[in-house]
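A look at the structure
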Amino acid sequence: MLDSKSDIWADWLLHRRHGDDPAIEARIGRAVKQYADHVLDDAVLVPGMTLLDVGAGDGLLAFGAIERVGPTIRVILTDISAPMLQHAAHCAERRDVTSQCRFIECSAEKLDGISDATIDVVVTRSSLAYVSGKSAALKEFHRVLNPSGRI
């Protein structure tokens, strides 16, 4: 049963995906990290950039970018799940990277709070599979990208 501080996405990502089994959680974590590493390799991260992690979930891509680039990268984490964003914010606190992060509750189809042409790279891991308006989401990705930005 979900508590009042959870939702279906947070419950699945934080508990049901691995059945609250630490061994399964570790095995899934290793597999998911391989995909995240591939996304971040292709993102061609550089110091001073701003990265947008759409459907950030637990922040795997955003925090991976910070680990790779260091204190000069800025990351914006978006998610439709307020509990997941709260979880990601707590993870940022534990990692001592809160000053590099901004958290925005919004859908991929409407990236409210992100100005036009302000993002260097948009990344997403698996959230587009759950977005019904994929065309709208891609239009939003392009709207927020600066002229030399990439997805």
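See the structure printed just above.
Residues numbered from 1 in each chain as written. Predicted model: local features only at pLDDT ≥ 70, side-chain atom pairs only at ≥ 80, totals over all residues. Heavy atoms only, no water.

What about the pattern of salt bridges?
Once the charged atoms of two side chains with opposite charge are near each other, the side chains can pair. Selection rule: Any carboxyl oxygen of Asp or Glu within 4 Å of a side-chain nitrogen of Lys or Arg constitutes a salt bridge here. In this description a helix means any DSSP run of H or I spanning at least four residues, a strand means any run of E spanning at least two, and both kinds are numbered starting from the N terminus. Each residue's exposure class comes from its accessible area (1.4 Å probe, protein chains only) as a fraction of the maximum for that residue type: buried when under 20%, exposed when over 50%, partly exposed otherwise.
What the rule picks out here adds up to 7 salt bridges. Between Asp-37 and Lys-33 there is a salt bridge, with the nearest N and O atoms lying 3.0 Å from each other. Placement of the pair is Asp-37 and Lys-33 together in helix α2 (residues 22-43), with a separation of 4 residues, close to one helical turn. Across the pair Asp-112 and Lys-110 runs a salt bridge whose closest N-O atoms are separated by 3.5 Å. A relative accessible area of 41% places Asp-112 in the partly exposed class.

Re a nonpolar patch on the surface
As a reminder of what qualifies: A patch consists of residues whose relative accessible area exceeds 30% and which take part in no salt bridge; residues with like charges are grouped when within 9 Å of each other, and nonpolar side chains (Val, Leu, Ile, Met, Phe, Trp, Tyr) when within 5 Å. Each accessible area is a Shrake-Rupley estimate made with a 1.4 Å probe; only the visible protein chains count as cover when residues are assessed.
A contiguous nonpolar surface patch, about 440 Å² in accessible area, is contributed by Ile-8, Trp-9, Ile-80 and Tyr-130. When you line up the elements, Ile-80 lands in the loop between β2 (74-79) and α4 (82-95).

Side note on α4
Using the following cut-off: Expected span, for any helix, means 1.5 Å times one less than how many residues it has. Polar contact is defined as a pair of N or O atoms within 3.5 Å, subject to the rule that within protein one atom must be able to donate a hydrogen and the other to accept it, and that residues adjacent in sequence are counted only when both atoms are side-chain atoms.
Taking 1.5 Å as the rise per residue, α4 with 14 residues should run 20 Å; its terminal C-alpha atoms sit 20 Å apart, in good agreement. For α4, every residue scored as buried is listed here: Pro-83, Met-84, Leu-85, Ala-88, Cys-91 and Ala-92. By the N-cap criterion, in which a side-chain oxygen at the helix start approaches the backbone nitrogen of a residue two or three places on, α4 is capped by Ser-81, the distance to Met-84 being 3.1 Å. A positive phi of about 60° marks Asp-96, the residue just after α4.

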